[in-house]
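If you want the building blocks of each chain, they are given just below.
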Amino acid sequence: MTEADLKYLFSPRHVAVVGASHREGKIGYTVMKNIIDSGYNGKVYPVNPKGGEILGKKVYRDILSINGSVDLALIIVPASIAVNAVEECAKKAVKFAIVITSGFSEIGNIDAEREMVKKAREHGMRILGPNVFGLYSASAPINATFGPSKVRPGNIAVISQSGALGIAMIGKTAEENMGLSTIVSIGNKADITEADIMSYVFNDDITKVIFLYIEGLENGRELMELVKKKPDNMKIVAIKAGKSKVGARAVASHTGSLAGSDKIFDAAFKQAGILRAESLEDGFNWVATLAACPKPAGKNVVIITNGGGIGVLAADACEKYGVGLMNDMEVLNKTFGDVIPKFGSYKNPVDLTGQAGGDDYKEALEKALNEEDIHAIIALYCQTDMTPLEPLKNTFREMQRKYGNRKPIIYSLFGGEGTDKIIEELKGDGIPAFYDVEDAVSSLNALYKAHEDGKKEKRESLDIDESRIKKVIENVAGDGRTQLLGTEAKEVMVAVGLDVPPFKVVKNIEHAVNTAEEIGYPVVMKVISEDIVHKTDIGGVLLDIDNEKEVIEGYEAIIRNCRQYAPNANIRGVEIAKMVPDGVETIVGITTDPSFGKVMMFGLGGIYVEVLKDVVFRVAPVSKREISKMVREINSYSLLTGVRGESRKDIDSVIDTIYRIGILADKFPEISELDINPLVVYEKGAKVLDARISIEVKK
Ligand code: ACO
């Protein structure tokens with residue numbers, strides 16, 4: 001479906017309300033009233049077999065008896081007759097039906113829902129719902145919802161998976177004086193999906209910010225792909241309900257067991273450039289700020305205040321959120337030196353002191369707004385009895401009018417009824433104003449985050465030996481196995497171009513001795529068997545083998561231990577590998593998420609990986625730029641940069657490893673789980689000591 005296809009859903013020329021009610025308080029009455037009250041200028045046809053008049057409009061006994069054309073029908077009759085009503089609309093060549101009626105797939109009534117869509121499609125009609133609250137669209141304008149009647153038109157699109165919350169959001173946006181381009185819930189998505197709606201909104205020429213409420217996402221990857229198509233200057237804030245962990249899944253990797261669905265949501269949203277708000281309150285604040293402010297030209301923020309206390313609170317909040325305060329004293333002095341009283345301070349926070357009123361703020365703000373090296377302003381006001389509030393409000397309005405398109409200015413006013421009233425009025429003018437300093441700073445931070453550079457990177461061409469990997473995987477699948485042997489996994493790692501210490505499989509003592517000598521001491525010996533998972537625990541692994549005698553004894557011991565503790569295990573031989581020095585142990589992995597598909601993990605590795613859980617995720621494939629952000633996100637990142645005089649480790653080779661593994665995941669979708677643990681990182685280079693790979697064998 002293209003955006004053009006939804007045009008008459010958002011800008012219907014004429015509408016019918018099937019199930020329009022004569023009785024006040026009923027949904028069919030409220031929807032009629034809201035449509036009329038919203039100033040909709042097309043024809044509104046109420047449909048009800050009882051006939052008569054509703055809100056001064058002639059009622060049609062059925063939709064087919066309407067003479068004119070109808071683009072949109074609201075269906076507000078009980079579920080038992082809704083399918084029939086939809087079919088009648090389709091026969092009338094109505095383009096869209098919004099089915100408000102509940103009682104379909106959400107309660108297991110799936111057949112009726114399918115039947116409804118089938119009937120609609122037979123005549124080319126599309127359905128929004130069922131089980132939705134209707135739709136508000138500023139482009140019509142039309143408020144065809146049973147929510148609050150007053151909706152301010154504006155540039156924010158609210159798309160909600162939850163109907164009840166969607167209705168509450170209409171009320172909240174009204175309370176916050178927020179202007180909407182549309183508000184829509186997608187209900188059971190029997191036909192039109194959120195992807196269809198978003199594609200339309202991306203190109204509707206009104207919307208600047210999308211506020212997305214998500215309860216669950218069956219196909220997260222589809223959303224990420226879709227979001228790539230949004231215009232660069234359109235921003236998305238999302239609230240994802242339920243921070244639940246994914247239920248216990250049978251996975252063979254650390255990566256799989258550490259990947260809670262919520263962490264993946266976080267990562268995916270970050271990658272897609274969607275801002276994830278933790279609370280509705282934050283979401284509303286951020287959306288209002290993004291809708292009002294331009295992209296900041298740089299990181300230099302100045303706080304202008306009349307009170308030292310709130311100035312410090314704001315500065316603390318800036319530190320907490322990582323918002324950069326301008327500290328170039330020369331620029332600050334040049335800008336504010338003349339406007340600050342002797343007992344004030346031009347240091348940032350710039351303190352105009354307690355007696356400052358509208359004119360003082362005007363002078364200071366105007367200077368800051370005209371200074372090229374200042375990129376964003378947080379203006380704070382603490383109510384005093386020294387100055388009237390009216391001139392202050394006028395100053396803020398004037399600044400917004402004159403400079404609001406060029407530089408972000410965010411306000412926070414603290415006091416009583418008077419300042420609260422100003423905040424409401426400023427919000428009504430689309431100016432970001434908050435009661436709480438912290439909200440102002442968090443919103444400015446969201447603005448910075450939303451405008452972070454998301455440039456796409458070209459994929460590098462890499463020396464990956466695909467045919468070798470294919471051969472290994474085919475061999476494993478041919479054996480009917482889903483788990484690669486350690487040595488097979490290492491062979492894949494070599495083919496991916498990673499540094500794996502030399503290793504070989506041996507099947508007798510003589511071969512073991514020759515191989516150890518060829519590789520060079522010290523070596524590691526490890527049993528190879530798909531039937532023995534915890535090899536160390538049963539004495540199947542020996543480290544630091546230094547000479548021929550130890551190889552012979554070691555070989556015998558490994559075979560003896562395995563025969564004793566796992567008598568039925570298929571022992572394929574013993575691996576001899578070069579023993580390498582200690583370094584920082586990390587983990588790199590792949591898992592498969594039901595909603596987002598292949599997901600990459602990086603973290604602190606070794607034996608405590610599941611205890612420390614110091615890991616981060618990204619949806620594959622990942623660009624090198626994104627990987628370098630990912631690597632910096634782990635708590636123990638300083639181990640890589642060098643603690644207590646230790647040298648810096650080769651972070652570039654970690655990035656390269658993750659990049660290569662991402663490409664492996666992309667090229668070989670049959671790899672469902674993978675762990676490199678540990679990937680040992682040195683001053684120069686990183687080595688794969690152990691790897692595990694699971695594949696999904698196609699039936
Ligand atoms: N064509 C047109 N109108 C008809 C027809 C027909 N074939 N048959 C009956 N009607 C009229 C009725 O006469 C009635 O009008 P009246 O009030 O003037 O008598 C009107 O249609 C409504 O019919 P009722 O039987 O009175 O149904 P009621 O209004 O009680 O319920 C409704 C209908 C609202 C669709 C209900 O079935 C329903 O689904 N409610 C839930 C709605 C909902 O919450 N949706 C999800 C929103 S999002 C969220 O989660 C909040």
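Below: a short report on this structure. Bear in mind the structure is a predicted one, so any value in this text is a computation, not a measurement.

Of the two faces of strand β5 (residues 72-75), the one lined by L72 and L74 and the one lined by A73 and I75 are each fully buried. Strand direction decides the pairing type here: strand β1 (residues 14-18) and β5, joined by 4 bridges, are parallel. Within β5, the residue paired with A16 across the bridge is A73. Note that β5 and strand β6 (residues 96-99) share 4 bridges and pair parallel. If you follow L72 over to β6, its bridge partner there is F96.

Of the volumes computed, that of the second largest pocket is approximately 1,500 Å³. If you trace the second largest pocket, you find 48 residues lining it, with K526, T536, N677, P678 and D690 closest to the centre. Of all elements in the fold, only α18 (486-496), β21 (523-528), β22 (541-545), β23 (573-578), α21 (609-612), β27 (671-681) and β29 (691-695) reach the threshold of two or more residues within the lining of the second largest pocket. Taken together, the residues that form the lining of the second largest pocket break down as 24 nonpolar, 11 polar and 13 charged.

With respect to the helices, strands and loops of the structure, T173 is situated in helix α5 (residues 163-175). Every residue in contact with T173, bar those within four places of it in the chain, is listed here: M178, L180 and F284.

Attention now moves to the nonpolar core. L9, I35, L74, I98, I197, M198 and F596 are the most contacted members of the largest nonpolar core, which has 63 residues in total. If near-sequence neighbours (up to four positions away) are discounted, I98 is found in contact with L9, L72, A73, L74, I75, L128, V132, G134 and L135. V616, V631, Y659 and L674 belong to the second-largest nonpolar core, a separate cluster that totals 47 residues.

What follows deals with the sheet that holds strand β20 (residues 503-506). Pairing between sheet strands relies on hydrogen bonds along the backbone, with the strands arranged either parallel or antiparallel. Spatially, β20-β23-β21-β22 is the arrangement adopted by the 4 strands of the open sheet, whose pairing is antiparallel. Of all strands in the sheet, those with a lone pairing partner are β20 and β22, marking the two edges. Between one strand and the next, the sheet's axes are offset by a mean angle of 20°, whatever the strand orientation. By the bridge criterion, 6 bridges tie β21 to β23 in an arrangement that is antiparallel. Considered in β23, the bridge of V527 is made with V574. Set on the sheet, α18 makes contact with β20, β21 and β23; between it and β20 the angle comes to about 150°.

Looking now at the packing of aromatic side chains. As enumerated under the stated definition, the model contains 8 aromatic pairs in all. Each ring, one from F396 and one from Y411, has its centre 4.3 Å from the other, and the planes form 35°; the classification is tilted. A residue pair is termed long-range when its members are at least 10 positions apart, and F396 in helix α14 (residues 389-403) and Y411 in strand β18 (residues 409-414) qualify at 15 residues. Of the two residues, F396 and Y411, neither departs from the other in class, the shared state being buried. Three or more aromatic residues link up through ring pairs in this structure, and these residues are Y361, Y381, F396 and Y411. Of note, K490 hangs over the ring of F503, and the distance from its end group to the ring centre comes to 5.1 Å.

On to the site of the ligand. The environment of the ligand is formed by 24 residues, the closest being S21, K26, K50, I100 and S102. One of the side-chain N or O atoms of R23 is found 3.1 Å from an oxygen atom in the ligand. One of the backbone N or O atoms of I100 is found 2.9 Å from a nitrogen atom in the ligand. Contact with the protein chains covers 72% of the free accessible surface of the ligand, which is 1,000 Å².

Spatial strand order, β9-β8-β11-β10-β12-β13-β14: 7 strands in an open sheet with mixed pairing. Of all strands in the sheet, those with a lone pairing partner are β9 (142-145) and β14 (274-277), marking the two edges. The sheet shows a mean angle of 25° between the axes of neighbouring strands, direction not considered. Pairing of strand β10 (residues 152-160) with strand β11 (residues 179-185), which is carried by 7 bridges, proceeds in the parallel orientation. Paired with I159 across the strands is V184, a residue of β11. Sheet strands in contact with helix α6 (residues 194-202) are β10, β11, β12 (209-214) and β13 (235-240), and its direction is about 155° off that of β10.

This part covers the pattern of salt bridges. Scanning the model with the defined rule gives 45 salt bridges in all. A salt bridge links K624 to D656, with the nearest nitrogen and oxygen atoms 3.7 Å apart. In this pair, K624 is assigned in helix α22 (residues 624-632) and D656 in helix α24 (residues 651-667), connecting sequence segments 32 residues apart. A single salt-bridge network, built from bridges that share partners, covers E390, K393, R397, K421, E425 and D429.

What follows is about α6. Most of α6 is tucked away, with 9 of its 9 residues classed as buried. Three or more residues of α6 are buried, namely E194, A195, D196, I197, M198, S199, Y200, V201 and F202.

Attention shifts here to helix α4 (residues 110-122). Its 13 residues give α4 an end-to-end C-alpha distance of 18 Å, which sits within 8% of 18 Å, the value for a rise of 1.5 Å per residue. Where α4 is buried, its residues contact α3 (79-91), β6 and β7 (126-128). Of the residues flanking the end of α4, it is G124, one or two places downstream, whose phi is positive at about 80°.

On to the pairing of β13, then. For β13, the tally of buried residues reaches 6 of 6 residues, placing the bulk of the element in the interior. Both faces of β13 are covered, namely the face carrying K235, V237 and I239 and the face carrying I236, A238 and K240. Where β12 meets β13, 6 bridges bridge the pair, whose relative direction is parallel. Across the sheet, residue V209 finds its bridge partner in β13, namely K235. Taken together, β12, helix α7 (residues 220-227) and β13 constitute a β-α-β crossover, and its handedness is right-handed. With 4 bridges joining them, β13 and β14 adopt parallel strand pairing. Bridge pairing links I239 to A277 in β14.

For residues other than glycine, phi is negative in most cases, and the peptide bonds are mostly trans. The peptide bond linking A140 to P141 adopts the cis configuration, its omega dihedral lying at -10°. Turning to its location among the elements, P141 is positioned in the loop between β8 (134-137) and β9. In this structure, P678 follows N677 across a cis peptide bond, with omega equal to 0°. Looking at the secondary structure, you find P678 in strand β27. Positive phi is not limited to glycine here, since K189 has a value of about 45°. Take K189: it is sitting in the loop between β11 and α6.

Rules used in this analysis
- The numbering scheme is per chain: residues are counted from 1 as the chain's sequence reads.
- For a predicted model such as this one, the threshold for reporting local features is a pLDDT of at least 70, and the threshold for listing and counting side-chain atom pairs is 80 or more; totals across whole chains, interfaces and linings nevertheless cover every residue.
- Excluding hydrogens and water, the side-chain figures rest on all heavy atoms present in the structure.
- We call a residue buried when its accessible area falls under 20% of the maximum for its residue type, exposed when it is over 50%, and partly exposed in between, using a 1.4 Å probe and counting protein chains only.
- Under the scheme used here, helices are H or I runs from DSSP no shorter than 4 residues and strands are E runs no shorter than 2 residues, and both carry numbers assigned from the N terminus.
- Note on pairing: two strands pair once DSSP finds at least 2 bridges between them.
- Of the grid points, spaced at 1 Å and generated over the protein atoms alone, those admitting a 1.4 Å probe that cannot get out make up cavities, while open sets with protein on both sides within 12 Å along at least five of seven lines make up pockets; any residue with an atom within 4 Å of a point is treated as lining.
- Grid points are joined across faces, edges and corners, and a volume is the space filled by probe spheres set on the points.
- Put simply, Ala, Val, Leu, Ile, Met, Phe, Trp, Tyr, Cys and Pro go in the nonpolar bin, Asp, Glu, Lys and Arg in the charged bin, and everything else, Gly too, in the polar bin.
- Whether two residues touch is decided by their heavy atoms; if any such pair falls within 4.5 Å, the residues are in contact.
- Side-chain atoms within 4.5 Å link the members of a nonpolar core, which is a set of buried Ala, Val, Leu, Ile, Met, Phe, Trp, Tyr and Cys residues.
- Note on geometry: axes are C-alpha line fits, over the in-contact stretch for helices, and angles between N-to-C directions span 0 to 180 degrees.
- Aromatic pairs are defined between Phe, Tyr and Trp rings, using the six-membered ring for Trp, whenever the two ring centres lie within 6.5 Å; interplanar angles under 30 degrees are classed as stacked, those over 60 as edge-to-face, and all others as tilted.
- In this scheme, Lys NZ or Arg CZ marks a charge over a ring once it lies within 6 Å of the ring centre and within 35 degrees of the ring normal.
- Nearness is judged by heavy atoms alone; a residue qualifies as near a molecule or strand once a single heavy atom is within 4 Å of it.
- The definition of a polar contact used here is a pair of N or O atoms within 3.5 Å, where within protein one atom must be able to donate a hydrogen and the other to accept one, and adjacent residues in sequence count solely through side-chain atom pairs.
- Throughout, the Shrake-Rupley method with a 1.4 Å probe supplies accessible areas, and for residues the shown protein chains are the sole cover considered.
- Salt bridge, as applied in this entry: a Lys or Arg side-chain nitrogen positioned within 4 Å of an Asp or Glu carboxyl oxygen.
- Helices are assigned an expected span. That span is 1.5 Å times one less than the residue count.
- Crossover handedness is defined by viewing with both strands directed away from the observer: a clockwise path from the first strand over the helix to the second marks the crossover as right-handed.

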